[in-house]
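Architecture and fold: a report
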Amino acid sequence: MSDFVLEVRDLETNYYTNDGVVQAVRKVSLEIERGHRVGVVGESGSGKSALALSILGLIEPPGRVVGGSVLLNGRDISSFSDRQLQQVRGKEVSLVFQDPMTALDPVKTIGAQIVEAIQRHQRVGGAAAGRAAVSLLRDVEVPHAERRLDDYPHQYSGGMRQRVMIAIALANEPDLVVADEPTTALDVTTQAQVLDVLERLVTERNTAVMLITHNLGIVAEFCDRVFVMYAGRVVERADADVLFARPAHPYSEALLRSVPRPDRLQRGPLPTIQGFPPSLANLPPGCPFEPRCPVGHGVELCATQVPPPVFLGAADDPVVAECHFAEDRWRGALPIEAESA
Amino acid sequence: MIRAAAGKLSGALMAIFGASVFAFIFMRVFPGNPARLIVGPLASNEAIVQQEKTMGLDKPLWVQYWRYIKGIFTGDWGFAYSAGETVKHEIVARLPASAELGLYAFLFAFVLAVILALAATYRHRPWVDGTIRGVSFLGLGTPPFWFGLIVLLLFSQVWGIFPGPDGRLGPNTTPPPTYTHFYTIDAVAAGQWGTAWDALRHLMLPAITLGLAPFAFLVRLLRANLLDVSRENFIVVVRSKGLGRWPAFSHHALPNAFLPTLTASGLLLAQLISGSVLVEKVFNWPGIGALIVDSILRQDFAVVQTFVLLSAVAYVAVNFAVDVLYGVIDPRVRIPVAR
Amino acid sequence: MEAPVGRAEGWGGDPLVRARRGAGRAFVFLARDRALGIAVTALALLVCLGLLGPLFWPNDPLGIDVGSSLLPPSSAHPMGTDSVGRDVFARFNEGARISLTVGSVVVIVGALFGGVIGIVAGATGGWLDGLLMRTMDAILAFPPLILAMAVTVGLGSGLRTAGLGIMLTTIPYYARLLRSEVLRIRSLPFIEAAHALGARRMRIMARHIVPHVVSTLLIQAAAVFGYAILTLAALGFVGLGARVPTPEWGTMITDGLQFFLTGQWWIGVFPGLGVLIAVTAASVIADRARDILDPRGRYAHV
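Residues numbered from 1 in each chain as written. Chains lettered and ligands numbered in written order. Predicted model: local features only at pLDDT ≥ 70, side-chain atom pairs only at ≥ 80, totals over all residues.

**A short note on the overall build of chain B**
Here is the rule: Each helix corresponds to a stretch of at least 4 residues labelled H or I by DSSP, and each strand to a stretch of at least 2 residues labelled E; elements are numbered beginning at the N terminus. Put simply, a residue is buried when 20 or more other C-beta atoms lie within 10 Å of its own C-beta and exposed when 12 or fewer do; between those, it is partly exposed, and each C-beta is set from the backbone. Each residue gets a C-beta atom placed from its backbone, and two residues are in contact if those atoms lie within 7 Å.
Scanning chain B from N- to C-terminus turns up 15 helices and two strands. Considered along the principal axes of its C-alpha atoms, chain B spans approximately 85 × 65 × 40 Å. Sorting the 339 residues of chain B into buried and exposed places 43% on the buried side. Restricting the contact set of chain B to residue pairs at least 6 apart, pairs at least 24 apart contribute 69%.

**Here we look at the overall build of chain A**
What counts here: What the globule rule says is 2.2 Å times the number of residues to the power 0.38, and the radius of gyration is computed from C-alpha atoms.
Helices and strands together make up the secondary structure of chain A, namely 12 helices and 12 strands. Relative to the compact-globule value of 20 Å for 341 residues, chain A shows a C-alpha radius of gyration of 21 Å, a close match. Once the C-alpha set of chain A is aligned to its principal axes, its extents read approximately 65 × 50 × 45 Å. Long-range pairs, those at least 24 residues apart, make up 65% of the contacts in chain A with a sequence separation of at least 6.

**Brief notes about the packing of helix α11 (residues 245-273) of chain B against helix α14 (residues 301-329) of chain B**
Residues and elements named next belong to chain B. We count it as follows: Axis definition: a line fitted to C-alpha atoms, over the contacting stretch in the case of helices. Angles run 0 to 180 degrees between N-to-C directions. Any angle between 65 and 115 degrees counts as roughly perpendicular, while under 35 counts as roughly parallel, over 145 as roughly antiparallel, and the rest as oblique. Definitions for this section: a left-handed crossing has its near helix turned counterclockwise from the far helix by less than a right angle. A right-handed crossing has that turn clockwise. Throughout this entry, Asp, Glu, Lys and Arg are counted as charged residues, while Ala, Val, Leu, Ile, Met, Phe, Trp, Tyr, Cys and Pro are counted as nonpolar. The remaining residues, Gly among them, count as polar.
Packing of α11 against α14 brings their axes to within 9 Å, and their N-to-C directions diverge by 155 degrees. One finds that α11 runs roughly antiparallel with respect to α14. The crossing of α11 and α14 is right-handed. Note on element contacts: α14 touches α11 through Ala 314, Tyr 315, Val 318, Ala 321, Val 322, Leu 325, Tyr 326 and Ile 329, opposite Leu 259, Leu 262, Thr 263, Gly 266, Leu 267 and Ala 270. Among the residues forming the contact of α11 with α14, the class breakdown is 12 nonpolar, two polar and no charged.

**Quick notes on the sheet that holds strand β11 (residues 310-312) of chain A**
By definition, the strands of a sheet pair up through backbone hydrogen bonds, in either a parallel or an antiparallel sense. All names here are of chain A. To be explicit about the condition: DSSP-based pairing: two strands are paired if at least 2 bridges between them are found.
Spatially, the eight strands line up as an open sheet ordered β6-β7-β8-β3-β9-β10-β12-β11, and their pairing is mixed. Looking at which strands have only one partner, the edges of the open sheet turn out to be β6 (93-96) and β11. Ignoring which end each strand starts from, the neighbouring axes of this sheet average 20 degrees apart. Along the sheet, helix α10 (residues 250-257) contacts β3 (37-41), β9 (225-230) and β10 (233-239); its crossing angle with β9, the most-contacted strand, is approximately 105 degrees.

**Section: the interface of chain B and chain C**
Listed per partner, the contact involves 34 residues of chain B and 33 residues of chain C. Broken down by secondary-structure element, the contributors of at least two residues to the side of chain B that touches chain C are α1 (2-29), α6 (126-141), α7 (144-158), α12 (277-283), α13 (288-297) and α14 of chain B. Considering every element that reaches the side of chain B that touches chain C, the biggest residue donor is α1 of chain B, with seven residues. Across the side of chain B that touches chain C, the residue classes tally to 26 nonpolar, eight polar and no charged.

**Considerations on the pairing of β3 of chain A**
Residue and element names in this part refer to chain A. Across the five residues that make up β3, a large majority, five, are buried. For β3 and strand β8 (residues 208-213), the ladder comprises five bridges, and the chain directions are parallel. Residue pairing in the sheet places Val 41 in a bridge with Thr 213 of β8.

**A look at the domain arrangement of chain B**
Defined as follows: An automatic or database domain assignment is the source of the domain bounds shown.
Along its sequence, chain B is carved into domain 1 (2-86) and domain 2 (91-301 + 320-334). Using only C-alpha atoms to locate each centre, domain 1 of chain B and domain 2 of chain B end up separated by 33 Å.

**Comments concerning the pairing of β8 of chain A**
Residue and element names in this part refer to chain A. What counts, and what does not: With its strands directed away from the observer, a crossover is right-handed exactly when the path from the first strand over the helix to the second travels clockwise.
When you tally the buried positions in β8, you get six out of six residues, the bulk of the element. Side chains Ala 208, Met 210 and Ile 212 project from β8 onto one buried face, and the interleaved Val 209, Leu 211 and Thr 213 project onto a second face that is buried too. Regarding the hand of the β-α-β motif, the stretch spanning strand β7 (residues 176-180), helix α7 (residues 188-205) and β8 is right-handed.

**Description of the domain arrangement of chain A**
Residue and element names in this part refer to chain A. You can read the domains of chain A as domain 1 (4-223) and domain 2 (230-332). Taking only C-alpha atoms into account, the centre of domain 1 sits 28 Å from that of domain 2. Counting residues at the interface gives 23 residues for domain 1, matched by 15 residues for domain 2. Contributing elements (two or more residues each) for the side of domain 1 that touches domain 2: β2 (20-33), β3 and α8 (216-222). Among the elements that line the side of domain 1 that touches domain 2, the one with the most residues is β2, at 10 residues. Of the residues in the side of domain 1 that touches domain 2, the class split is 11 nonpolar, eight polar and four charged.

**Comments concerning the packing of helix α5 (residues 87-122) of chain B against α6 of chain B**
All names here are of chain B. Close contact between α5 and α6 brings their axes to 8 Å; oriented N to C, the two are set at 145 degrees. At the point where α5 passes α6, the crossing takes the left-handed sense. Between α5 and α6, the residues in contact are Leu 116, Ala 119 and Ala 120 and Val 128, Asp 129 and Ile 132, respectively. Of the residues that constitute the contact of α5 with α6, the class distribution is five nonpolar, no polar and one charged.

**So, the confidence of the model for chain A**
Short version of the rule: One confidence number per residue, pLDDT, is output by the predictor and ranges from 0 to 100.
Per-residue pLDDT for chain A has a mean of 85; in total, 96% of the residues score no lower than 70. Note on residues 335-341 of chain A: pLDDT under 50 across the span, and nine contacts to partners over four residues away in sequence or across chains.

**A closer look at helix α9 (residues 249-260) of chain C**
Residues and elements named next belong to chain C. Stated precisely, the cut-off is as follows: Working rule for helices: expected span equals 1.5 Å times residues minus one.
For α9, which comprises 12 residues, the first-to-last C-alpha distance of 15 Å matches the rise-based estimate of 16 Å (1.5 Å per residue) to within 8%. A large share of α9 lies buried, amounting to nine of its 12 residues. Restricting attention to buried positions, one finds in α9 the residues Trp 249, Gly 250, Thr 251, Met 252, Ile 253, Thr 254, Asp 255, Gly 256 and Phe 260.

**Overview of the sheet that holds β2 of chain A**
Residue and element names in this part refer to chain A. If you trace the four strands from one edge of the open sheet to the other, you get β2-β1-β4-β5, paired in antiparallel fashion. Here the strands that pair on one side only, and so sit at the sheet edges, are β2 and β5 (75-76). Against the sheet, helix α1 (residues 48-56) touches β1 (4-17), β2 and β4 (63-72), its axis set at about 70 degrees to β2.

**Observations regarding the confidence of the model for chain B**
Looking at chain B, the pLDDT average stands at 80 and 92% of residues meet or exceed 70. Mean pLDDT values for the elements of chain B range from 66 in helix α2 (residues 34-39) of chain B up to 91 in helix α10 (residues 233-240) of chain B.

**Overview of helix α3 (residues 88-124) of chain C**
Each turn of an α-helix holds 3.6 residues, which means side chains three or four residues apart point in the same direction. Along its 37 residues, α3 of chain C runs 52 Å from first to last C-alpha, staying within 8% of the 54 Å computed at 1.5 Å per residue. Where α3 of chain C terminates, the next one or two residues include Gly 125 of chain C, which has phi positive at roughly 70 degrees.

**Things to note about the environment of Gly 154 of chain C**
Residue and element names in this part refer to chain C. By secondary structure assignment, the location of Gly 154 is in helix α5 (residues 144-155). The exposure class of Gly 154 is partly exposed, given the 19 C-beta atoms found within 10 Å. Along the chain, Gly 154 and Gly 165 lie 11 residues apart, while their C-alpha atoms are 10.0 Å from each other.

**Describing the environment of Trp 246 of chain B**
All names here are of chain B. Mapped onto the fold, Trp 246 is located in helix α11. The exposure class assigned to Trp 246 is exposed, which follows from the 10 C-beta atoms found within 10 Å. Put simply, Trp 246 and Tyr 122 are 124 residues apart on the chain and 8.3 Å apart in space, counted from C-alpha to C-alpha.

**A few points about unusual backbone geometry**
Negative phi characterises most residues that are not glycine, and trans characterises most peptide bonds. Positive phi, close to 45 degrees, is recorded for Glu 181 of chain A, a residue that is not glycine. The residue Glu 181 of chain A is located in the loop between β7 and α7 in this model. Overall, the presence of 20 C-beta atoms within 10 Å leaves Glu 181 of chain A in the buried class. The phi dihedral of Asn 284 of chain B is positive, around 55 degrees, even though this residue is not glycine. Note on placement: Asn 284 of chain B falls in the loop between α12 and α13. Among the residues examined, Asn 284 of chain B registers 14 C-beta atoms within 10 Å and is labelled partly exposed.

**Describing the environment of Thr 184 of chain A**
Residue and element names in this part refer to chain A. In this fold, Thr 184 is placed in the loop between β7 and α7. The exposure class assigned to Thr 184 is partly exposed, which follows from the 15 C-beta atoms found within 10 Å. Taking the C-alpha atoms as reference points, Thr 184 and Tyr 152, separated by 32 residues in sequence, lie 22 Å from one another.

Right, here's the structure in full:
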């Protein structure tokens, strides 16, 4: 029985809007072991960010968590009041947000914002907190850390700001860091830099990471286990190396196929997944991926029945996919159709 | 930074210059002879000519303009024929009344706006928000003079809580010794608590009346800013550090929301201090507004010219001051990114 | 290669959904938005009273009947009578007609003048731009009520001159707004893009600039409408607007001034209510017009 830092069971989050009820997170379950790195992959509109916010209890009206449980270090924080959650946020679980340009208060110094995180959970005076902040800045490789403590966010580049966010997230040595698209807003070189810093720090401190992204390349490098989300549900979960070699769910496979491969000569247009993700306010009766599925499109079973989770793979290497054809595909019985643009 | 300031300053000076020319020409464009108005309809032509000479109206226009501008700087602001005193005397005598009223009106408007804007945005309660928005619309649409009358009717006449429209003090109260010319402050400074209280009571109704529209305007502005800011990503980040709703709001949302209202607030304050014609009339307040109306009705150039020029200067000065203040407070302006 | 990005989490990028929302949006807003419904109804009611009032309520707004002076509201006189026996309700209706008409004229003519000035200034640039804008600034330096008063006094008191004075004070707002919009749009990337795609200037103007500018103007106009009515009443209150015995709302309030504190509140209260309703309704509509026309939202992603 492994030690899970996070266990999410059947989490449900809805947004009640003028245009209807948006089911952003639909009975999602996942678990993260201590020190492990987990990737949550999906397109925009798959509910990934809502999942992150739901875990931290930061869903604001018109959104609401309507079901399920979140166990952090064994405690059910989904039933906590906001006051109780304030003790947990920033200390046991913290967030690295996606857009570094808007994630920091523009009228406060970087130092003040790091110190705020420190002093929230540690009983230290201003001077001691300041020194801790400098040390954190050094950890995230910000040059001239002492001087730059008094700078304002607009004086930092995007990559540096994101590293500051990492510093803030790790300030109180949390057990879990939820990173929501931490590199999406950055250029490729900076992305690599930021990820390196993140990798180093979480390895040093044995911090678990939930990395939310749509970038499979990052997932391949960084994550141990992957959860693929589509239309508010986890449609496949597998260890990273297994997923990349042998995707069970057609969506996972399509995602993998759509990554351009510079090492392979590709003729013709790049493969894409046709169509758009479904509106989370207006979900079809059957499998939500059916309209775009190269395997199941037009198949009556897929259009009418929601696929149940199918357990595949070995016990220590579990793979779960929600697809009517998952088992067949896994066993290689059904050939995977060639993609057309 | 200096260059930008100099640029702004020169723009400001040009605006003032334009306003002065405009005011000057304006008052002379219209039919009607102020000299005639002063000496009366029965006066002889010689009397009119004599009056014109006294008023300097016989000189060519540009000479008149030069005297006007020069006079502003030397303190000779002309003679207010309609009042029988120098313009300077009249304005100086009446300015504190308007200024004190304007100040209290602003304080009322601002404080109430902050409280209600917070109430509307802090927690997501649509009916509270809707009510406050409705109140702000009503506030903007209410004619201030009518509101003053209603308020007088209810609070003074019917319920007797506040005094009627007898100006700054009741008939039996003598004004306090003069330090700032603000009755409330002076009375408190002199320890005359009764006088201070009387002055305050007389200020209440006109301040509320005058402050109604500014309040409505500010509350909408603040509410919109607060809503925008509270949806910003950095608020989520602050909360993810473990801060509670109120600390996140007060330390992070409010300062960021206040910043854009600085300009508007400064201008409002300037506007309020320069007197309100309508409210002063309703409450018999001895302020500048009343002076201006009379002067316009009697085509008393000197007063109107001077007033317009002074308010142009005030407008420009406040704009400038706010810009500077902005530069000091907002770090993004204060510290340009040196890349 | 990632899948195309939808508008935001959870909305879905389905174009059919988007189209439906685009076309029917205005109607949905009207139907659901209670405040807007009330505002439109109130304004429509005032318009009816103003235009059709004399038809179903034939009392003469100017008809003096000293014998029935200072009567409180009753079925014969829903708003009572004033000091010389005139029916306040009839005067109210006439006042509605006056205020709404003057308001409309001021707004339309002011928008035309101010808009043209602003567009010319923004499109031409150079010394003309500078001259026009300095003039606008000079006008703006005048406290608006004072300026309107001065114009009215100078040209002779009356509704027309009052309207002129009010209009003069609104022109700079339109001019500045339009000028900044023109400048902003000129430099937007999508204009360059359209240009690069080979679209001719006129086409660019028509398809992109004009609709945006029109919606900005409309919103400003709706707000100015309320301001115009308010200022007209203010001028009337000071005695500079309509001439006695014209039943303009502002002058009616002045009529009622002396009677306020002696108990005959109806003479002054009702016209004030009229102003309040008209201006508030106009403000609400202006506000909602911004939401519906959504000039910032539509172009926000540009």
